[in-house]
Amino acid sequence: MSQRLSGWGRFPVVDCTERASEDLVASCRGAVLTRGLGRSYGDASLPAHAGDVVAGTRFGNRILAFDAATGVLRAEAGLSLSEMDAVSRPRGWVSPVCPGTSYVTLGGMVASDVHGKNHHVKGTFGEHVRALLVMTADGRLLEISREVEGELFAATLGGMGLTGHLVEVEVQLHRVEAPWIHTEEEIATDLADLVVRLRKASREWPYTVAWVDSLMRGRAMGRGVVMKGRWAGADEAPDELPRPLKRIPMPLDLPGWVLGPWSVKAFDAVFYKAHEWRPKHGIVHPDTFFYPLDSILDWNRMYGRRGFIQHQCVLPVDDGEQVVHRFFDTLTSSGSASFLTVLKDCGPEGTGMISFPRPGLSVALDIPMRGAETQALVDALNRHVLEAGGRIYLAKDALTRPEDFAAMDPRIDAWNAVRRRWDPEGRLKSALSVRLLGDEA
Ligand SMILES: Cc1cc2nc3c(=O)[nH]c(=O)nc-3n(C[C@H](O)[C@H](O)[C@H](O)COP(=O)(O)OP(=O)(O)OC[C@H]3O[C@@H](n4cnc5c(N)ncnc54)[C@H](O)[C@@H]3O)c2cc1C
């Protein structure tokens with residue numbers, strides 16, 4: 001039966017069939033793509049064609065093995081991070097890398113090779129993956145790792161589901177003394193101050209991220225809050241385990257105009273002042289620290305039916321701050337506003353052949369979708385990215401043009417060559433691969 005599917009940004013929308021069952025192998029056979037919980041923002045988890053079949057993994061979520069002595073966990077690819085946290089945290093093990101939401105699957109985490117607030121010390125999720133059971137385009141099931149079919153393994157970490165269907169994932173978890181986070185915050189009065197503080201924090205703390213007031217003009221442009229964290233020691237954490245937090249549903253689609261420059265400006269001012277008055281300092285629930293947006297279910301409905309896009313790029317270290325200035329100028333002069341603007345420090349590249357992070361400053365902007373206006377804004381932002389020698393994150397993209405992407409990421413040719421060795425007929429494809437990578441529709 002045909003359904004209307006989209007990514008988290010609700011743009012674009014494709015009519016297609018999502019085949020989801022507990023039998024992942026059966027679901028994946030003959031599908032053009034696999035999809036987890038649809039938390040990538042743009043068209044990465046969508047097929048190019050109305051009528052195509054996508055394999056949904058959410059019912060294939062069994063934990064197959066977990067060794068509480070070594071922290072090695074093997075599970076079906078549809079296990080979500082929140083489900084994994086619930087099992088591993090009480091046993092003293094945590095995910096080595098946490099993206100900004102726990103509603104992602106292990107398969108999605110591998111395919112996007114996700115990064116977290118600790119990229120500067122732990123790299124991407126893929127760095128902690130020991131082995132994968134993958135169904136290749138011709139229907140074969142292969143166990144792959146760094147040692148066995150290493151090239152396919154490297155192409156699959158961050159390969160956006162285009163090298164094979166992930167059926168099982170084996171990952172090394174990270175040992176902690178207590179499943180609580182000690183956090184501290186610092187206020188930064190402008191962008192230069194923010195970047196200096198973020199970089200210093202990243203030398204001293206395993207988890208760092210900065211929230212930025214992207215609409216502030218003048219001397220306070222780029223003011224924000226630097227958030228730092230580490231796992232708490234046994235002596236400072238509460239004795240009890242963190243309880244599941246309350247989730248509030250977003251009951252309806254807000255009208256599109258609600259998130260405009262004035263409301264965002266007001267929100268940013270309140271958020272900044274609240275943190276200036278009372279910066280957080282102390283022990284917090286790990287979900288509050290890692291996944292603050294998960295507290296409102298379906299928060300993407302705030303953007304209304306037209307949806308929104310996220311533009312996330314990473315800019316090489318030297319030029320990062322100047323480019324971010326240009327970003328904010330371009331954003332404000334376009335009349336648009338980013339409800340959530342986040343900066344992160346990225347560390348070295350890892351194993352994934354086309355994984356997103358590289359050393360530098362990552363910038364993420366959430367922008368309401370307004371058709372041609374938003375396309376023009378993304379084109380303008382991408383010009384800044386290109387000039388700086390940076391690149392965009394495929395898991396967030398919906399509007400980048402193929403020529404811009406090719407110029408940003410020359411690694412794509414070598415990756416495509418590996419892909420073609422395993423899928424000469426081009427059976428695996430997505431709306432993203434047709435839009436950006438030259439796959440036939
Ligand atoms: C609020 C929010 C915060 C986020 N924060 C971060 C962050 O901090 N860092 C970060 O890196 N990302 C972040 N993301 C993006 C998210 O982590 C990734 O897009 C992730 O891949 C989504 O997982 P999913 O299971 O929903 O996959 P989907 O969105 O369903 O799919 C994403 C990609 O993975 C492929 N895929 C999924 N499952 C499989 C499988 N079993 N086999 C093969 N391919 C598969 C799909 O084809 C698609 O290309 C965030 C997203 C949201 C909504």
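Preceding block: the structure.
This is a predicted model, so every value here is computed, not measured. Note on numbering: residues in each chain are counted from 1, in written sequence order. Since the coordinates come from a predicted model, pLDDT governs what is reported: local features require at least 70, and pairs of side-chain atoms require 80 or more to be given and counted, while whole-chain, interface and lining totals use all residues.

On to the sheet that holds strand 6 (residues 72–76). DSSP calls a pair of strands paired once it identifies at least 2 bridges connecting them. Helix numbering and strand numbering both begin at the N terminus, where a helix is a DSSP run of H or I of at least 4 residues and a strand a DSSP run of E of at least 2. Pairing within the open sheet is antiparallel, and its five strands lie in the order 5-6-10-8-9. Strands with a single pairing partner mark the edges of an open sheet, and in this sheet they are strand 5 (63–67) and strand 9 (141–144). Each adjacent strand pair in this sheet contributes to an overall mean axis angle of 10 degrees, direction not counted. Of the strand pairs in this sheet, strand 8 (residues 129–135) and strand 9 are connected by four bridges, and their pairing is antiparallel. Pairing of L132 across the sheet is with I144, part of strand 9. Between N-to-C directions, angles cover 0 to 180 degrees, with each direction set by a line fitted to C-alpha atoms, over the stretch in contact for helices.

On to unusual backbone geometry. Put simply, F11 and P12 share a cis peptide bond, and its omega is -5 degrees. In this structure, D113 is a non-glycine residue whose phi angle is positive, near 45 degrees. Examined against the element boundaries, D113 turns out to sit in the loop between helix 3 (106–111) and helix 4 (119–122). Located in the positive-phi region is M160, a residue other than glycine, with phi close to 55 degrees. With respect to the helices, strands and loops of the structure, M160 is situated in the loop between helix 5 (150–156) and strand 10 (165–172). Three classes are used. A residue is buried when 20 or more other C-beta atoms lie within 10 Å of its own, exposed when 12 or fewer do, and partly exposed in between, with C-beta atoms placed from the backbone. M160 sits in the buried class, given 23 other C-beta atoms within 10 Å.

Let us now look at the packing of helix 9 (residues 320–333) against helix 10 (residues 372–388). Remark: helix 9 packs on helix 10, axes separated minimally by 10 Å, with the N-to-C direction vectors making an angle of 170 degrees. As judged from the angle between their axes, helix 9 and helix 10 are roughly antiparallel. For the pair helix 9 and helix 10, the contacting residues are V323, R326, F327 and T330 in the first and A380, L381, H384 and A388 in the second. Grouping the constituent residues of the contact of helix 9 with helix 10 by class yields five nonpolar, two polar and one charged. For this classification, under 35 degrees means roughly parallel, over 145 means roughly antiparallel, 65 to 115 means roughly perpendicular, and everything else is oblique. We call two residues in contact if the C-beta atoms placed from their backbones are at most 7 Å apart. Under the scheme applied, nonpolar residues are Ala, Val, Leu, Ile, Met, Phe, Trp, Tyr, Cys and Pro; charged residues are Asp, Glu, Lys and Arg; polar residues are all the others, including Gly.

As used in this record, a residue near a molecule or strand is one whose C-beta atom, placed from the backbone, is within 6 Å of it. Every one of the 34 residues lining the ligand counts as a neighbour, but G36, G100, G107, G108 and G161 are closest to it. When contributions to the shell around the ligand are tallied by element, the ones reaching two or more residues are strand 3 (33–35), helix 3 and strand 10. When residues in the shell around the ligand are grouped by element, the largest group, four residues, is from helix 3. Of the residues that constitute the shell around the ligand, the class distribution is 14 nonpolar, 18 polar and two charged.

On to the nonpolar core. Remark: nonpolar core denotes a set of buried Ala, Val, Leu, Ile, Met, Phe, Trp, Tyr and Cys residues whose joining runs through C-beta atoms within 7 Å. Ranked by size, the top nonpolar core spans 123 residues in total, and within it V110, L132, V169, A210 and V363 carry the most contacts. Discounting residues that sit within four places of it in the chain, L132 has contacts with V110, I144, F153, T156, L166, E168 and V169.

Inspection of the sheet shows strand 1 (residues 3–6) paired to strand 2 (residues 13–20) by four bridges, in the antiparallel sense. Each residue of the ladder has a partner; that of S6, found in strand 2, is V13. In textbook terms, the turn of a hairpin is the stretch between consecutive antiparallel strands, and for strand 1 and strand 2 this stretch comprises six residues, one of which, R10, has a positive phi near 65 degrees.

The subject of this paragraph is the packing of helix 6 (residues 191–204) against helix 9. Interhelical geometry of helix 6 versus helix 9 gives an angle of 135 degrees and a closest axis separation of 10 Å. Relative to helix 9, helix 6 is oriented oblique. Seen from above, helix 6 lies across helix 9 with right-handed handedness. Seen from helix 6, the contacting residues are L191, A192 and V195; seen from helix 9, they are G320, E321, V324 and H325. Across the contact of helix 6 with helix 9, the residue classes tally to four nonpolar, two polar and one charged. Take the far helix as the reference: if the near one is turned anticlockwise from it by less than a right angle, the crossing is left-handed, and if turned clockwise, right-handed.

This brings us to the sheet that holds strand 2. Judged by pairing direction, the sheet is mixed, and its four strands sit side by side in the order 1-2-4-3 without closing on themselves. Each having just a single partner strand, strand 1 and strand 3 make up the two edges of the open sheet. When strand polarity is set aside, the average angle formed by the axes of neighbouring strands in this sheet is 55 degrees. Sheet analysis places strand 3 next to strand 4 (residues 53–56), joined by three bridges and oriented parallel. Bridged to R35 within strand 4 is G56.

Two residues of an α-helix separated by three or four positions point the same way, owing to the 3.6 residues in each turn. In this model helix 10 runs 25 Å from its N-terminal to its C-terminal C-alpha over 17 residues, within 8% of the 24 Å that 1.5 Å per residue would give. Those residues of helix 10 lying buried are T374, L377, V378, L381, N382, H384, V385 and A388. Looking straight down helix 10, one finds its buried side chains confined to an arc of 155 degrees; they lie on one side. In helix 10, the exposed positions angled more than 90 degrees off the buried face are occupied by A372 and E387. Elements in contact with the buried residues of helix 10: strand 18 (308–316), helix 9, strand 20 (360–368), strand 21 (391–392) and helix 11 (402–408). Two residues or fewer after helix 10 comes G389, characterised by a positive phi angle close to 80 degrees. What a helix is expected to span follows from its residue count: subtract one and scale by 1.5 Å. Regarding the arc, it is the one traced by the directions from the helix axis to the C-beta atoms.

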